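Observations on the three-dimensional arrangement
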Amino acid sequence: MGSIAGTLVAATPFLFYLYTFVPNEQVWTTGLFTYRSGYYESAQIGVWSIMGKLVPLLLLLIWFFTCKHWWYHAILVPIAMYAYQLAGVIADESLHFDEFKLIYLVPLMAIIIPSIYLIRAQMMDKLNDAGKTMEELEAEFMIKPTTFWGKVKQYF
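Report follows, based on the coordinates. Bear in mind the structure is a predicted one, so any value in this text is a computation, not a measurement.

**Regarding the overall build of the chain**
Across its full length, the chain carries 6 helices and 2 strands. Along the chain, helices (α) and strands (β) appear in the sequence α-β-β-α-α-α-α-α when read from the amino end. Sorting the 156 residues of the chain into buried and exposed places 27% on the buried side. Counting contacts in the chain only where the partners sit at least 6 residues apart, residues at least 24 apart contribute 51% of the total. Per element, the accessible surface of the chain, about 10400 Å² overall, is 66% carbon and sulfur.

**Notes on the packing of helix α2 (residues 43–66) against helix α3 (residues 76–91)**
Between α2 and α3, whose axes approach to 9 Å, the crossing angle comes to 155°. With respect to each other, α2 and α3 are oriented roughly antiparallel. α3 is crossed by α2, and the crossing has left-handed handedness. In this structure, α2 uses S49, I50, G52, K53, L54, P56, L57, L60, L61 and F64 to contact α3, whose residues at the interface are L76, P78, I79, Y82, A83, Q85, L86, V89 and I90. Across the contact of α2 with α3, the residue classes break down as 15 nonpolar, 3 polar and 1 charged.

**A look at the packing of helix α1 (residues 2–16) against α2**
Put simply, α1 and α2 touch, their axes get as near as 10 Å, and they point 165° apart. In terms of orientation, α1 lies roughly antiparallel with respect to α2. Crossing angle aside, the handedness with which α1 passes α2 is left-handed. Within the contact between the two elements, α1 uses A5, L8, V9, T12, L15 and F16 and α2 uses W48, M51, G52, V55, L58, L59 and I62. Taken together, the residues of the contact of α1 with α2 break down into 11 nonpolar, 2 polar and no charged.

Rules used throughout
- Residues numbered from 1 in each chain as written.
- Predicted model: local features only at pLDDT ≥ 70, side-chain atom pairs only at ≥ 80, totals over all residues.
- Heavy atoms only, no water.
- Helix = DSSP H or I, 4+ residues; strand = E, 2+ residues; numbered from the N terminus.
- Buried < 20%, exposed > 50% of the residue type's maximum accessible area, 1.4 Å probe, protein only.
- Contact = heavy atoms within 4.5 Å.
- Areas by Shrake-Rupley, 256 points an atom, 1.4 Å probe, with all protein chains shown as cover.
- Axes fitted to C-alpha atoms, helices over the stretch in contact; angles between N-to-C directions.
- Parallel < 35°, antiparallel > 145°, perpendicular 65-115°, else oblique.
- Left-handed = near helix turned anticlockwise from the far one by under 90°.
- Nonpolar A, V, L, I, M, F, W, Y, C, P; charged D, E, K, R; others polar.

Given below as structure tokens:
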């Protein structure tokens, strides 16, 4: 799994610049599919917009699933933001897809931010009472699924 994650991270510049291989026309036809650019009026600009959201989302997902720190749930907030923006780019529903409406993230942030604060407060209490090191406390609070799918099932 580490090799796959490392390869994906190393390939992200290539993934981002895939738009340079797309023609600057409204309709892009390949043997597999036909991409018809709506609002952007250029398939190249449409793919550039998609890659501008997809690549950071991919990197954040890799970081989330490989992070060993107790605060990794905080990464869900930018993941949700980029997923929302990517959906807006793909749907072409808005003229300003980067105008993110924070109200859609409030329920997620209302759960994650207090949870992280409470975990940190518990760690500090135990640190002051038990004389443990920070690394020992992080290991104590960490949930370690045995497989990749186990980690995915842990969240969904």
